[in-house]
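Tertiary structure, described
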Amino acid sequence: SLDCPVTQRVTVGTTSVASPTVTITSDGSTTICRGAGVNLTASATPGLNYQWFLNGQPISGATGITYRASTEGTYQVQVGTGCQAAGSNTLPIVV
């Protein structure tokens, strides 16, 4: 039950928003030499919130649409609007 009179009730509409679809691509080989790196880019729309992960752990400060990977492991990015988030494919980098 509601605790307000019928005359004070307001109907609230809702809208469903699809989660963004995200794919990681690299600008070069994902097998790199020590000291080298490869740029990873999320395919999502600019202006969203990004968090990059290495081996399932958030990478501190890695919150842009691109990330330069130089450490061996499996990378993933989570992209969202603040209300909904979507995870990307994983991309292994071998050093």
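Everything quoted here is computed from the prediction, not taken from an experiment. (Residues numbered from 1 in each chain as written. Predicted model: local features only at pLDDT ≥ 70, side-chain atom pairs only at ≥ 80, totals over all residues. Heavy atoms only, no water.)

**Quick word on the overall build of the protein chain**
- The secondary structure content of the protein chain amounts to 0 helices and 8 strands.
- Along its sequence from the N terminus, the protein chain presents helices and strands in the succession β-β-β-β-β-β-β-β.
- Within the protein chain, the fraction of its 95 residues that count as buried is 25%.
- Nonlocal contacts in the protein chain, meaning residues at least 24 apart in sequence, comprise 47% of its contacts between residues at least 6 apart. (Helix = DSSP H or I, 4+ residues; strand = E, 2+ residues; numbered from the N terminus. Buried < 20%, exposed > 50% of the residue type's maximum accessible area, 1.4 Å probe, protein only. Contact = heavy atoms within 4.5 Å.)

**A few points about the packing of aromatic side chains**
- The full count for this structure, using the stated rule, is 2 aromatic pairs.
- Summarising the aromatic geometry, the rings of Tyr67 and Tyr75 are spaced 6.0 Å apart at their centres and angled 35° between planes, so their arrangement reads as tilted.
- Judged by its relative accessible area of 1%, Tyr75 is buried. (Phe/Tyr/Trp six-rings, centres within 6.5 Å; stacked < 30°, edge-to-face > 60°.)

**What about the environment of Ala86?**
- As for its position among the elements, Ala86 is in strand β7 (residues 85-87).
- Overall, Ala86 belongs to the buried group, its relative accessible area being 11%.

**Examining the nonpolar core**
- Counting 19 residues, the largest nonpolar core has Val22, Leu40, Trp52, Tyr75, Val77 and Ile93 as the members making the most contacts within it.
- Of all the secondary-structure elements, those providing two or more residues to this core are β2 (38-42), β3 (49-54), β6 (73-80) and β8 (91-93).
- Filtering out sequence-adjacent residues up to four positions away, Val77 remains in contact with Val22, Ile24, Ala42, Tyr50, Gln51, Trp52, Ala86, Gly87 and Ser88. (Core = buried A, V, L, I, M, F, W, Y, C linked by side-chain atoms within 4.5 Å.)

**As for the environment of Thr71**
- Residue placement: Thr71 occurs in the loop between β5 (66-69) and β6.
- Note: C-alpha distance between Thr71 and Gly37 (34 residues apart in sequence) is 7.8 Å.
- Those residues in contact with Thr71, other than ones at most four positions away along the chain, are Leu54, Ile93 and Val95.

**Observations concerning the pairing of β2**
- Covered by surrounding structure in β2 are Val38, Leu40 and Ala42 only, the residues Asn39 and Thr41 on the alternate face being uncovered.
- Bridge count for strand β1 (residues 24-26) against β2 is 3 bridges, and the pairing is antiparallel. Bridge pairing in β2 places Ile24 opposite Ala42.
- Judged from the 4 bridges that link them, β2 and β5 form a sheet pairing that is antiparallel. Following the sheet pairing, Val38 is matched in β5 by Ala69. (Pairing = 2+ DSSP bridges.)

**Observations regarding the environment of Tyr67**
- Within the secondary structure, Tyr67 is located in strand β5.
- For Tyr67 and Leu40, which are 27 residues apart along the polypeptide, the C-alpha to C-alpha distance reads 5.2 Å.
- Once residues lying within four places of it in the same chain are set aside, the contact partners of Tyr67 are Val38, Asn39, Leu40, Trp52, Ile59, Ala62 and Tyr75.

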